[in-house]
Structures are given as C-alpha cells and as structure tokens.
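Now for the letters of each chain:
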4 protein chains.
Amino acid sequence: MKQLAIDLNSDVGEGFGPYTIGNDEEIFSFITSANIACGFHAGDPSTIRKTLDLAVKNGVAVGAHPGYPDRLHFGRMNMAIAAEEVVDMILYQIGALELMAERAGLRLQHVKLHGALYHAAAEDRRLAEVLLDALVRLTNPPIVVGPPECVLQKEAEERGLDYAAEGFADRVYGDEGKLIPRSGKQPSLITQPAQAADQALQLVRERKVSTSSGKKIELKVSTICIHGDTQGAGRIARAVFEKLEQSKIAVRPLRQIIE
Amino acid sequence: MKQLAIDLNSDVGEGFGPYTIGNDEEIFSFITSANIACGFHAGDPSTIRKTLDLAVKNGVAVGAHPGYPDRLHFGRMNMAIAAEEVVDMILYQIGALELMAERAGLRLQHVKLHGALYHAAAEDRRLAEVLLDALVRLTNPPIVVGPPECVLQKEAEERGLDYAAEGFADRVYGDEGKLIPRSGKQPSLITQPAQAADQALQLVRERKVSTSSGKKIELKVSTICIHGDTQGAGRIARAVFEKLEQSKIAVRPLRQIIE
Amino acid sequence: MKQLAIDLNSDVGEGFGPYTIGNDEEIFSFITSANIACGFHAGDPSTIRKTLDLAVKNGVAVGAHPGYPDRLHFGRMNMAIAAEEVVDMILYQIGALELMAERAGLRLQHVKLHGALYHAAAEDRRLAEVLLDALVRLTNPPIVVGPPECVLQKEAEERGLDYAAEGFADRVYGDEGKLIPRSGKQPSLITQPAQAADQALQLVRERKVSTSSGKKIELKVSTICIHGDTQGAGRIARAVFEKLEQSKIAVRPLRQIIE
Amino acid sequence: MKQLAIDLNSDVGEGFGPYTIGNDEEIFSFITSANIACGFHAGDPSTIRKTLDLAVKNGVAVGAHPGYPDRLHFGRMNMAIAAEEVVDMILYQIGALELMAERAGLRLQHVKLHGALYHAAAEDRRLAEVLLDALVRLTNPPIVVGPPECVLQKEAEERGLDYAAEGFADRVYGDEGKLIPRSGKQPSLITQPAQAADQALQLVRERKVSTSSGKKIELKVSTICIHGDTQGAGRIARAVFEKLEQSKIAVRPLRQIIE
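None of the values given here were measured: they were computed from a predicted structure.

## A closer look at the relation of the copies chain B and chain A
For step 1, the next point in the chain: With an RMSD of 0.0 Å, the fit of chain B onto chain A corresponds to turning through 180° and sliding 0.0 Å along the axis. Both chain copies can therefore be described as sitting about a two-fold axis.
For step 2, the next point in the chain: An overlap of 100% is found between the interface residues of chain B and their copies at the interface of chain A, pointing to a shared contact surface.

## Let's talk about the environment of His73 of chain D
For step 1, the next point in the chain: For His73 of chain D, the position within the fold is in the loop between β3 (61-65) and α3 (83-103).
For step 2, the next point in the chain: His73 of chain D has contacts with Ile81 and Glu85 of chain B, leaving out every residue within four places of it along the chain.
For step 3, the next point in the chain: At 2.8 Å, the side chain of His73 of chain D and the side chain of Glu85 of chain B are in polar contact.

## Focus on the interface of chain D and chain C
For step 1, the next point in the chain: Taken together, the contact between chain D and chain C spans 29 residues of the former and 29 residues of the latter.
For step 2, the next point in the chain: Taking both partners together, chain D and chain C bury about 2400 Å²; carbon and sulfur atoms supply 60% of that area.
For step 3, the next point in the chain: Interface area lost by chain D to chain C is led by Tyr92, Leu99 and Arg103 of chain D, which between them contribute 33%.
For step 4, the next point in the chain: Seen at the junction of chain D and chain C, the total is six salt bridges.
For step 5, the next point in the chain: Arg49 of chain C is the partner of Asp88 of chain D in a salt bridge, and the nearest nitrogen-oxygen pair spans 2.6 Å.
For step 6, the next point in the chain: Where chain D meets chain C, there are twelve residue pairs in polar contact (both at pLDDT 80 or more).
For step 7, the next point in the chain: Tallied by class, the residues present in the side of chain D that touches chain C amount to 15 nonpolar, six polar and eight charged.

## A short note on the interface of chain B and chain A
For step 1, the next point in the chain: With 29 residues of chain B at the contact, the number on the chain A side is 29 residues.
For step 2, the next point in the chain: Summed over both sides, the interface of chain B with chain A buries roughly 2400 Å², with 60% coming from carbon and sulfur.
For step 3, the next point in the chain: The largest share of the area that chain B buries against chain A comes from Tyr92, Leu99 and Arg103 of chain B, three residues that together contribute 32% of it.
For step 4, the next point in the chain: Between chain B and chain A we count six salt bridges in total.
For step 5, the next point in the chain: When contributions to the side of chain B that touches chain A are tallied by element, the ones reaching two or more residues are α2 (45-58) and α3 (83-103) of chain B.
For step 6, the next point in the chain: The biggest single contributor to the side of chain B that touches chain A is α3 of chain B, with 15 residues.

## Details of the relation of the copies chain D and chain C
For step 1, the next point in the chain: The transformation that overlays chain D on chain C combines an axial shift of 0.0 Å with a rotation of 180°, and the residual RMSD is 0.0 Å.
For step 2, the next point in the chain: Here 100% of the contact residues of chain D are again contact residues in chain C; the copies associate through an equivalent surface.

## A closer look at the pattern of salt bridges
For step 1, the next point in the chain: Applying the stated criterion across every chain yields a total of 52 salt bridges over all chains.
For step 2, the next point in the chain: For Arg103 of chain A, the salt bridge identified is with Asp88 of chain B, shortest N-O distance 2.7 Å. Of this pair, Arg103 of chain A sits in helix α3 (residues 83-103) while Asp88 of chain B sits in helix α3, which puts the two residues in different chains. For the pair shown, Arg103 of chain A and Asp88 of chain B are each scored as buried.
For step 3, the next point in the chain: We note a salt bridge from Lys112 of chain D to Asp11 of chain D, for which the minimum N-O separation is 3.3 Å. Taken as a pair, Lys112 of chain D in strand β4 (residues 108-112) and Asp11 of chain D in strand β1 (residues 5-12) lie far apart in primary sequence, 101 residues in all.

Parameters at a glance
Residues numbered from 1 in each chain as written. Chains lettered and ligands numbered in written order. Predicted model: local features only at pLDDT ≥ 70, side-chain atom pairs only at ≥ 80, totals over all residues. Heavy atoms only, no water. Least-squares fit on C-alpha atoms with pLDDT ≥ 70 in both. Contact = heavy atoms within 4.5 Å. Helix = DSSP H or I, 4+ residues; strand = E, 2+ residues; numbered from the N terminus. Polar contact = N/O pair within 3.5 Å; in protein donor to acceptor, adjacent residues only side chain to side chain. Buried area = accessible area lost by both parts, 1.4 Å probe. Salt bridge = Lys/Arg side-chain N within 4 Å of Asp/Glu carboxyl O. Nonpolar A, V, L, I, M, F, W, Y, C, P; charged D, E, K, R; others polar. Buried < 20%, exposed > 50% of the residue type's maximum accessible area, 1.4 Å probe, protein only.

Fair warning: the whole summary comes from geometry, so function is off the table for now.
This is how it looks when you write it as structure tokens:
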C-alpha cells in the first residue's frame, strides 16, 4: 500500500523594503513548497533573493505567487483590469521570480495566484483561458495551484497542464467546498492549532472536510496551505506538520505529490 | 574577404500606461536588436508584450534593458543603491522580460543596462562583479552590451561571458572614447542624419571615430545604438540604416555579429 | 440685461516625469479654470509647479483634479476602494495642490474629480457624503465641479457647498443628459471644432443640448470642459473660445460665474 | 524663575497599507509633538488619517515629516534630486498633511524632514535656501525642526522663520555635536532607557550633552526626539517622559516652547 502524502505550502516573502509580514524563517521549517510574493502586491527583488536563500537552506521547493499591482491593499482588492493585461502582469512576475530562482540554483516548481487574483482566475473563464494559453506556450510550464473543482482546474487539465488543488488547514469551509469569506460575520478562521491539524489530517486521509454546517464533503487536494501572516501562524504550522508526521503522512514538495 | 557586418540597436518599449516615448513602429524597421525597457525606469508588462509583438513582426532580436527603479527621472539619475540590491533588480527585470519573450516565441539575446545604471556598471568594479557573477550562473546567459574598453567588458570576458561593445551614431565622442555628456555645454548630439550615418559607417569600416577635437581614435564596436526618443530619431535611423546597406555592410542581429 | 457668461475648464498637468500628455501651453490660452492633476493618476510635484506657473502667466484660476491611484490606467478604471479611504486620497491630493498653489500666489478655486472617480462620486451616495462631509469641515472649501443633476450636486447643496455643474463641448449626450461612453460603439466624441463650438454656445444661450437621438434637452451648466489630451484639442479649444467671444458671451473663471 | 520646558517629538504614521512600523498608540502617550510621515518614504493617506486621529485623542501637536520618494529604503538613501524638485516634493507632502490635519480640526505646527533629506537640508545651502524661500511665502509657515547649529537653522532665522533645534535622547553624539552614524562601527544608539532619560534631562537642564569621547559639549535644543521604530522604543519613551516629569520639567508642544 502506497504511503499517503501531501505537500504543505505557505505564502512567504511578503515583506517590502523596511517592512515585514509574518515570520518566514519559522514557517520554512514546516513547509515543502513556498509561494514567493513577486513584487506587485508584496515583496521586492532583494526580499525575493533572501526568501530564495531560505528555501535553499531549508530544502523547500519554490513557486511564484503573483498578485495584482496593489501594495496598498495587499492584492486583496478586486481590480477590473482586462484579462490580457492581467496575464501580462502574471507572466512578468513569474519570469522575474524564475530567473532569480535560477541564479539561486532552484527550478520554479509552481505558480499560485494571490488574494483577489486567486479567486478571479478560479471563476473567470476568460482570465483562466488567457493565463493558461500563455503558460502552455512555455518550455517548462509550472504546476498551477488553485482551488479544487474550479474553472481554472478544468481549463488547465484540458491544456495538459499540471494542476494541484489546494486545501486550507486553518480556514472554515462552507457546504459548497468554498472558503467562508474573512470579511463576513461567520467564523472563517481556525485559530486552534490542534483543530487546524485535525482538518489537515482529514483532508489527507479522508479526502474530505467538515463544513461550517457540520456536513462532511469531498475535497481532493494535493497541497495544504498554512498561513504565515496570521497571529499564531507558527504554532499552527508546527501543529499541522507534526500531526501529519506522527500520522505517517509523507510531507513532500508538490512535484512529488502530483506525479 | 568576409563582408563587414554590424548590429543596429535601439531602446524601445519606453512608454508607460497612457504615455508614449518615441515611435517604436518606425524605429523597428531600421534595427536588428531591440533593447526593451523592463518596467522599472520605463515600460510596463503590457507595453513589453506589445513591443515583443513588434519585434516578432519585424524579425528583430530582443534584449532586456533594465534600469534603476525611477520612472520620474527615466533612470537617468544616479542612485546610491548597494551593488547586491541593484543586481537583484537587474535579474528581476531580465527574468520578467525573458519569460514574456518566451511566450512570444523569442529567445533573449542580450542585456543592456539603461541610463545611469549603464554608466555605473561600466565604471564600478564591484557592481560589475556582482552582476556578472549572477549572469554567469544562468543556463543561458545573455550577451552583455556596454561601452567599449570598460570594467564591465573586462570582467565579462574574464568570466567567459559574451560582451558586445557598443558605439553611437548620433552622439559626439571625446578624445578618451567617452560620450560627451548631454548635460554639459559642449555639443553632445549629432542631429544631422547624414552626419550620424557617416559616423556609423566610420565605426564599421575603420573601427574608429572622429572626436569633438577632430582627432580620430580607435573604437571597436559590435553594435551601434540609434536613439528612438529624440526629435528626428526616425530620420537618423533611416539614414544610418540606408547608408550601411548602400555601403554593403551586413546589418545583422548581435548574436551573428559576435560569433 | 445681464451678459451671458461661462467658465471654460480643461484637465491639465497630466504629464509624469519624462512623459507628457496634451499641449498645456496652448490650452491655457483658451480656458479660465484649470483642473490640475495631483500626482495619483497623473502629474507629479514638479509638473504641478510648472502647471501652476502657466496658470499664473495666463491668469487662469486653478483647481485640484484628484484621481484614483492608478497611473497605469490614467485613473479611468473603476476601483473598489472603500469610500473613507478614497476620501483620504482625495483630501491628500487637494491639500498637496493647494499648498503648492499658495506658494505660487494662487488660491484654490475648485475641485473636480477625475475619470472613474468623477463618475463614482456622481452616482455613489455614500462616497459623495463622505467626501462632502470632509470638504465642509475645511475653512475654505473649494467649489465642487461635477455633472449636472447628480447625487453629488444634491448632497453638496444640502451642505451649503458651492457646486458647479459641468457640460462638455466635445462629447455627445444621450437623452438622459449623460455622456455617451467612449468605450461603446455609438459616436461619443465631437471632433469638428465648429460643431463643438456650436454645442458650447447652445449650452450657454439655451441652457440645452441636442442629444444623439436629435432631441433637445435641458442642461444647466456653469462651466464647459474642453479636452486637452485628444487629437486636435487645440483647434477645438480655440473654436469654442472664439465662438463664445464673438457671440458676446463673457468667458470668466468659475468663481465669478457661480456667484 | 521660569520652569524649564521641553517638547518631546517622535516620527509616527510610518506604516503603509498592510504594513506597520513601531507602536504609535504607545508612543503617543509620551510625546507632545508628532512628526507624521507623508506618503513618500512611508505612510499613506489612510494611515495619515488614523495617525491624526491618535493625535487628536492624545492632545498631541502635529507636524509634517516629508521624505524622499523611496519607500524601499525608507527615505534613508541619499538621492541626487535637484533642489527645486525636492522642494516641490516637500511642499506637496506638507500640503497633503496640512489639509488632512485641517479636516481633523488640527493646525500644522511644524515640519521636520526625514532621514537622508533631514541631513541634506541641514548641510546643503542651496537646498535649504530653496526650501525656506518656499516656506516663507506661505500664509502660516510651520516651525522648521532640524539639527542645532546648521545651515538650515541659519537660513531659517535670516528669513524670520521659526526654527526649533532638535536633540536626541537615544542617540550617541560625537564631539562636533553630530550624531554618530548608525551605519558605522562605533556605538550610535542608546538602548538603556535610564541612560536615554539621563541624556534627555541633561539636554534640558544643562543644555549640554556628553559625547562618545566623554567630553561635554553645548547643545541647545527645543525638542527632543524619541524613536518609535526601534526595539524597546516604548520603554525608552516612557523612561524619558517620566524622568522629565519627575524632574519638574514641563513637557509641552513645540509651539509653546519656542515662543
């Protein structure tokens, strides 16, 4: 019987000049894939370099984490930019990160969009198409990371691109398998490390998740996101990682999971 | 006897959002290598895409044209940014351009720094070293374009990187082989198309240039820059191109010249 | 009988660093109020100073022309920024312009929002309220310029703020008194100088405008906008100005019109 | 006998969008004048509003804290921008802050330049002149805060502008009365709260300071800066404030000190 395995990813490199967000050094101990901010919603060239150095040091696979050009709202605000222009911005960011990774001796493993752009590409067919038509033209297209069962996944698979569905250890799911929005009144965040660890384990073992209403729904994911920028993020990451290890789940970089 | 040959390059893609500089469509008819602004001193992702499309359409080779992060002064102001940080910015810009070129079906041929950064890297050994140490780590390092007989050239050659010395058709040279600064009182620009064409031909045939004092000095270049952003740029570009053609000089992309 | 009078305004100072848009020097000859870009969608501190100098030289009244923080789309893209935050941005821009005007010996006459923000504040009651509640707290609130018969006007008047309804000489109106959008298929621009001049005269004399369907509707405006950034803008501005002069209409700064 | 009095100032509002620096809420309890970042090196319109609200709540006087347009280096990098252009940027920032303060019901008390610009204006006569020539034209020029005994002070006083010399509680002084640079090898920061408090008291009582060599030199200041962005800043601020209170020094806003 094949060992169960999962990738743990986190958004990192989200500082900017004199500013920092999250504790990347700590988070890097518990993840196998790093989504590195690319300088549009967060990050800057030297922050990217330092983050890549942390990835090398910790043996973590790296991916690009492009976002809208909006530092002020951390890429979390919807922007009505035309699909073709957004894709130009995404390619620009991926390319920037990829060459810096190459200098650091790393290959780009994946791309995961950030914030409002993550959700836009999962739902907006035209944006998904323009993006994937661009990626498919590349010699070494990265794995595309996004929500399970969305337009982006369907379009990626139609083009023969690798797609990795992502789950969250520390977010509450609704019955449709979508995240409960942070901005609403319903509880949306799981702040107890043990509870986040349980959800992660459930995602790997059962390929299901318990929703806010108490239902259990199917959710097939190849990677689980751990936030690095929320309070207590380090403790949650540690709890998830240790729970999976103790449960004999192999925690491996995404490329090894989806193959 | 081998036919004399030269590359003609120009800085293009220097618009930004609603703004344009120069007439790229016109200039592309007369050049063989395009230096595309990368979004720091000028340019933006969609402008890059449109410029790459022009390159495809005109069969022109493309290079990255990174600059200081300073749109306000168009990358022409010296900036006291530490060498390592500047090189991060340069790699970031090259990578962004390279991936967008790859999507357009093009390979990155060269990199030419812009404005104050062009001069800084030619003279500042530490900056040259950090930059070239980064480029030499890449799988496909681009040709480095810069002034003849400078620190950057020497260091590039020591590392086995291709270096292409650049001359100017429309700029006046001093006796040391340096350009007369635009900001001074001495005439620094050649505005007569016929005169620029003569200087270009002299650079190719004699590998020399006549200086402001009337002396003739040696200047061995592999590529000649034609400005696209000055008044009458189109007429100068046309005059240079036609003069070379009429003189049986082969005008070819840089890669073919330096091999 | 009182002489008919009108203000002519134009958006100016829309350059940025090395970039220019429009021909401000020419337009300043034909206007009585200048809307100066404030550095968010266009303009920068030194461009503001030079534009203020032109205003002094031409005896033109000045206003702030704040926009969304989006140079890339020239402030023409809708942005989902919360009302309170947008108003912070507007105050910031007005203040910046006002103090620079004070140094130049000028008083701020008016504020006219730009592009997508112009339309947002005219229609979004909450945005209009937050903005006007801020302006009413100032010692010397500027005249608010906006479309006729909109939420912004109603709310401004309720707060006792001066409001100036604006018409356009070179744009086509629909039957509801709204501008035909530039982005649609219907003709939206009037490009014939004589026709623009006729529309301006009609606005002043009849306080009406002929719509795209041939109807004539009421449109009471205190100022007419002349674009400076479209092709042939100078000829249109001249035609409008001269037509009004020949027709014995007094062309005066806004402050004199609304009193 | 007149009671000894001093102003305590701190740089605040240095966050940017999702990022924060320092603990403004804490610092505001211990200061009488706040230098608010104006959106060029740090800060943004909504951060300014929130910082002004803190000032109102704490009864603290406010000043503009303009810097170079360089978030990446937090305004600490020298920039070769021409004096006239820098002054445009300074006025722009002061104006933005002043109008936002006016909406909050506050008057602008002072202006203190930030980082590299603080030092540039203290030493570069041309920059000082252009800046002060601009400020003197304003109806209500702010108090200019800067180092003691510098070009800026001399030029300000020649123009009849109020100037307030500033000392530091938590920085080490050299024998010439200049701060030991942070970037060098010599100790430059005072990190013990009690020691900083002693230096503050010495500055007020003796109008002298003990230098790194053990000498005691004259240093006449009207305001003492407490940093809010260094580790343990809150404890230092508290120690300074309490020491002065216990020593019967009146801690008052700058306007009351210099009159």
